[in-house]
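# Breakdown of the fold
Next come the chains, spelled out residue by residue.
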Amino acid sequence: MLSNVSIQKFLDTKDIIITPWDSEMMGAARISLHLGAKILVPEKDTVIDIKNNKMPHYEEQIISEDNPFELKPNMFVLGETYEEIGLSEKVGMLLEGRSTLARLGITVVQTAMLIDTGQIFKKMTLEIKNNSQNTVFLYPKMKFCRACFFFIDPPATIRYDTTGKYRTNDSNKPIFEKEFRD
């Protein structure tokens, strides 16, 4: 795992790109990230069949300071980071929730915490679940998760953005229709 010193070096060399950037986001071995304004709510009572590519449909909601999202008990939604992040073939990243939210019963990443090396500059998808018995308001730009980075040695020869399921096509638009970037 990279320390703040190494993270800063990778920011300087553009092997890690985070926009917008504020030095207050830096911790000893992590970067604090914020929640974006877009929330995707899966339709209820949908039968999902992964084998036959029957996936849920999502209702998009845009949240604001005046209109937060009400994450009800046992509710699952997809969110996005406020920041856009890019990674070279030299760096991988792990996303993790904040302990403040975890103590409230909110998980930010269900199982997909590993962000592969070679990511194009984009917002990262968050898998948000309320495991508590209380409704929690979600606001855009609230501190929401942490990113930890690790060095890939030697650098990868395969980039996620050209081989991954949610990769982009030639026009730099995601192939997966529910990805957050337009």
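Please refer to the structure higher up on the page.
Residues numbered from 1 in each chain as written. Predicted model: local features only at pLDDT ≥ 70, side-chain atom pairs only at ≥ 80, totals over all residues. Heavy atoms only, no water.

The subject of this paragraph is the pattern of salt bridges. Between side chains of opposite charge, a pair can form as their charged atoms come close. Enumeration over the complete set of coordinates arrives at four salt bridges. Among the ionic pairs, glutamate 70 bridges to lysine 72, the shortest N-O distance being 3.3 Å. On the basis of relative accessibility, which here comes to 39%, the residue glutamate 70 falls in the partly exposed class. (Salt bridge = Lys/Arg side-chain N within 4 Å of Asp/Glu carboxyl O. Buried < 20%, exposed > 50% of the residue type's maximum accessible area, 1.4 Å probe, protein only.)

Read across the sheet, four strands follow the order 2-12-7-9 without closing on themselves; strand pairing throughout is antiparallel. Only two strands of the sheet have a single partner each, and these edge strands are strand 2 (31-34) and strand 9 (114-115). As paired elements, strand 7 (residues 91-97) and strand 9 share two bridges and run antiparallel to each other. Along strand 9, the bridge assignment pairs leucine 94 with leucine 114. (Pairing = 2+ DSSP bridges. Helix = DSSP H or I, 4+ residues; strand = E, 2+ residues; numbered from the N terminus.)

All right, on to the environment of tyrosine 82 then. When you line up the elements, tyrosine 82 lands in strand 6 (residues 76-87). Note on tyrosine 82: relative accessible area 28%, which makes it partly exposed. Remark: the alpha-carbon pair of tyrosine 82 and lysine 38, spanning 44 residues in sequence, is separated by 9.0 Å.

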